[in-house]
Amino acid sequence: MIRKLLVLALLLAPGIARAQGKLNVIATTEDLASIAREVGGDRVAVEAIARGYQDPHFVEAKPSFILKLQKADLLIVVGRELEIGWLPPLLANGRNAKVQTGSNGYLDASMNVKILEIPTGQITRAMGDVHPQGNPHYWLDPNNGRMIAQAIRDRFSQLDPANKAVYAQRYDDFDKRLKAAEARWDAALAPYKGVKVVTYHRSWPNFMERWGLDVIGYVEPKPGIPPTTSHTVELIEAMKEQNAHIVIVEPYFDLKTPQSIAN
Ligand SMILES: [Zn+2]
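This one's a predicted model, so the numbers in the text were calculated from it and none came from an experiment.

S.K.: Pulling in residues and values, what's your account of the sheet that holds strand β1 (residues 23-27)?
M.R.: Pairing is parallel in the open sheet, where four strands are placed in the order β2-β1-β3-β4. At either end of the open sheet lies a strand with only one pairing partner, and these are β2 (44-48) and β4 (106-108). Here the average twist between neighbouring strands, direction ignored, is 20°. Across three bridges, the pairing between β1 and strand β3 (residues 74-77) is parallel. Bridge pairing in β3 places Ala27 opposite Ile76.

Structure follows, in structure tokens:
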């Protein structure tokens, strides 16, 4: 009987996941969660807050996210103020000292990647929703994905040194598969070098730099500002003049204006 009670007490003990050796990881986006799963394998349990089809600038701060943060050993964020509109209150309400800014359980994935469009000079409201620490949509260059994976490997190893060799091996394997994929992607995109395109938001500078496409304008008149008729008319004129035939839209934006531009 005593043995049975002991077993029951162990099963009910909090942090049973940690007892099984898994790091509890929360990432703000699916992209970061996906890279964390590649590096961590079955040694980590990873969940994302924003879904892939949600605009990462604006995420509804649900109470369930607070519960997730309370149980987390590590929080991975995009950084560069992408999550500034919704993450700080979740972190404050979660009251988990392990994952607060500056703790070992807080990883800003932007720290060692290549960041573009870092503004110089004064930023005013008239410029729209400019990201003051540079463009936070940096993960669309796969080499930045590699740098993110390295940072995650190093942080996993620091928090869970017993599995350091596993994280190192899994990173090396990820890197090998990424190199093979990059060769495929480079070949597939080579014919598009110099092609003029329009994008909805400024989400693609790292992608465009990597493969040499030329962004001639944006559906948004200014970052974060919804399309206006006058801007759309100007944009259509510019596209005709410069022979641009492609509008690239992130999955979370309304297709109405892009469709009318295409028509
Ligand atoms: Zn943005």
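S.K.: Requested: an account of the pattern of salt bridges, with residues and values cited.
M.R.: Scanning the entire structure with this criterion turns up 16 salt bridges. Salt-bridge contacts for Arg210 lead to Asp141; the nearest nitrogen and oxygen are separated by 3.1 Å. Here Arg210, found in helix α8 (residues 205-211), pairs with Asp141, found in the loop between β4 and α6 (142-159); they are 69 residues apart in sequence, far enough to count as distant. For Arg210, the salt bridge identified is with Asp186, shortest N-O distance 3.3 Å. Placement of the pair is Arg210 in helix α8 and Asp186 in helix α7 (residues 164-189), with a sequence separation of 24 residues. Relative accessible area serves as the criterion here: at 33%, Asp186 is assigned to the partly exposed category. Salt bridges sharing partners connect three or more residues here, namely Asp141, Arg146, Asp175, Lys179, Glu182, Asp186 and Arg210.

S.K.: Residue-level account of the sheet that holds strand β7 (residues 246-248), with values.
M.R.: Read across the open sheet, the three strands follow the order β6-β5-β7; overall the sheet is parallel. Each edge of the open sheet is held by one strand with a lone partner, namely β6 (214-218) and β7. Going across the sheet, the axis of each strand differs from the next one's by a mean of 35°, ignoring polarity. Here strand β5 (residues 196-199) runs beside β6; their pairing, made up of four bridges, is parallel. When the bridges of β6 are listed, Thr199 appears paired with Tyr218. In the packing of helix α9 (residues 229-242) onto the sheet, contacts are made with β5, β6 and β7, and the angle to β6 comes to roughly 155°.

Calculation notes
- Residues numbered from 1 in each chain as written.
- Predicted model: local features only at pLDDT ≥ 70, side-chain atom pairs only at ≥ 80, totals over all residues.
- Heavy atoms only, no water.
- Pairing = 2+ DSSP bridges.
- Helix = DSSP H or I, 4+ residues; strand = E, 2+ residues; numbered from the N terminus.
- Axes fitted to C-alpha atoms, helices over the stretch in contact; angles between N-to-C directions.
- Salt bridge = Lys/Arg side-chain N within 4 Å of Asp/Glu carboxyl O.
- Buried < 20%, exposed > 50% of the residue type's maximum accessible area, 1.4 Å probe, protein only.
- Contact = heavy atoms within 4.5 Å.

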